[in-house]
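One-letter residues, chain by chain:
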Amino acid sequence: MGCALAKDPGKEKIGTLKAQLIYATDEDVEDLGESRKGLSDAEKKVLEESIRKKFKTYWMLGEDQTKILRGYENWTSPMRGSEELMVSFEPKGREGKDGLRLDLELWQSKRKVLKADPVLRKGKHLYIVGPKWRGGQLIIVLELVDLLKE
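Keep in mind that what you see is a predicted model, and the values were worked out from it rather than measured.

> Just checking my understanding: could you explain the pairing of strand S1 (residues 13-25) for this structure?
One face of the sheet, then the other: side chains in a regular strand alternate in exactly this way. Judged by how many residues are buried, S1 sits mostly within the fold: 11 of 13 residues are covered. Examined bridge by bridge, S1 and strand S3 (residues 57-69) share 12 bridges and lie antiparallel to one another. The partner of Leu17 across the bridge, within S3, is Thr66. Two elements, S1 and strand S10 (residues 136-147), share 10 bridges in a ladder whose sense is antiparallel. Within S10, the position partnered with Ile22 by the bridge is Ile139.

The structure is reproduced here in structure tokens:
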């Protein structure tokens, strides 16, 4: 006689989060690796207006896209294959039809360096000016890619 396993509603996907890691600096940079790519002029303009600061150059170091589970802490690593910089997030409720409130934490070298509770809106970017790094500044860009209907 078999026992039916109960489905865990906390493991239900409710959306998708995209995380990008940008390195901004006024220094000349040569050793960021082959995966780096520069930002377009339009991307630079939006970024500078959002963070209210200008740098000489901006480099995309990586990005990650992960599903948001309804009842669990989720993790994303915009530097693929590295645990040097991680973002943890847990959904705390919807805000209107296109918003999601999150408990958000930024981790660097396994230490929590930032805690926030932003509301992400579908298709909008959240810019977090992160820690200083190699003579520049790390910037984390989060986007709620999709949000499934309740």
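Now that the structure is up, let's keep going.
> Looking at this structure, I do not really get the layout of surface pockets. What am I missing?
Rolled over the atoms, a probe with the dimensions of a water molecule shows which regions are left empty. The volume enclosed by the largest pocket comes to roughly 190 Å³. Taken together, 13 residues form the lining of the largest pocket, with Gln20, Ile22, Glu43, Met60 and Tyr127 sitting closest to its centre. Counting only elements with at least two residues in the lining of the largest pocket, the list comes to S1, strand S2 (37-38), helix H1 (41-51) and strand S9 (125-133). Of the residues assigned to the lining of the largest pocket, the class counts are seven nonpolar, three polar and three charged.

> For this particular structure, what's the right way to read the pattern of salt bridges?
Side chains that differ in charge, positive against negative, can pair when their charged atoms come close. Within this structure, the stated rule accounts for nine salt bridges. Residue Lys44 is joined to Asp41 by a salt bridge in which the shortest nitrogen-to-oxygen separation is 3.9 Å. In this pair, Lys44 and Asp41 both sit in helix H1, three residues apart, roughly one turn of the helix. Lys44 sits in the partly exposed class, given a relative accessible area of 24%. For the salt bridge of Asp98 with Arg121, the shortest nitrogen-to-oxygen distance reads 3.4 Å. Linking Asp98 in the loop between strand S5 (85-95) and strand S6 (99-108) with Arg121 in strand S8 (residues 119-121), this pair joins segments that are 23 residues apart in sequence. By relative accessible area, Asp98 is classed as partly exposed at 30%. One network of salt bridges, with partners in common, ties together Glu90, Lys92 and Asp103.

> Quick question: what am I supposed to make of H1 here?
At 3.6 residues per turn, the α-helix brings residues three or four places apart onto the same side. Within the sequence span of H1, burial applies to Leu47, Glu48 and Ile51. Around the axis of H1, the buried residues are gathered within 100° of arc, so they sit on the same side. Turned more than 90 degrees away from the buried face of H1 sit Ala42, Lys45 and Glu49, all of them exposed.

> Teacher, can you tell me more about the packing of aromatic side chains here?
Working definition: an aromatic ring pair is given by the centre-to-centre distance plus the angle between the planes. For the structure shown, the criterion picks out three aromatic pairs. With a centroid separation of 6.1 Å and 90° between ring planes, the pair formed by Phe55 and Tyr58 is classed as edge-to-face. Look at Tyr58 and you get buried, because its relative accessible area is 2%. Seen in terms of ring centroids, Trp75 and Trp107 are 5.9 Å apart; in terms of plane orientation they differ by 50°. Their pairing is tilted. Of this pair, Trp75 sits in strand S4 (residues 74-76) while Trp107 sits in strand S6; the two residues are 32 residues apart in sequence, bridging distant segments of the chain. Classification of Trp107 by relative accessible area gives partly exposed; the value is 21%.

Rules of the game
Residues numbered from 1 in each chain as written. Predicted model: local features only at pLDDT ≥ 70, side-chain atom pairs only at ≥ 80, totals over all residues. Heavy atoms only, no water. Buried < 20%, exposed > 50% of the residue type's maximum accessible area, 1.4 Å probe, protein only. Helix = DSSP H or I, 4+ residues; strand = E, 2+ residues; numbered from the N terminus. Pairing = 2+ DSSP bridges. 1 Å grid on protein atoms, 1.4 Å probe; cavity = no way out; pocket = protein on both sides within 12 Å on 5 of 7 lines; lining within 4 Å. Points joined across faces, edges and corners; volume = space filled by probe spheres on them. Nonpolar A, V, L, I, M, F, W, Y, C, P; charged D, E, K, R; others polar. Salt bridge = Lys/Arg side-chain N within 4 Å of Asp/Glu carboxyl O. Arc of directions from axis to C-beta. Phe/Tyr/Trp six-rings, centres within 6.5 Å; stacked < 30°, edge-to-face > 60°.

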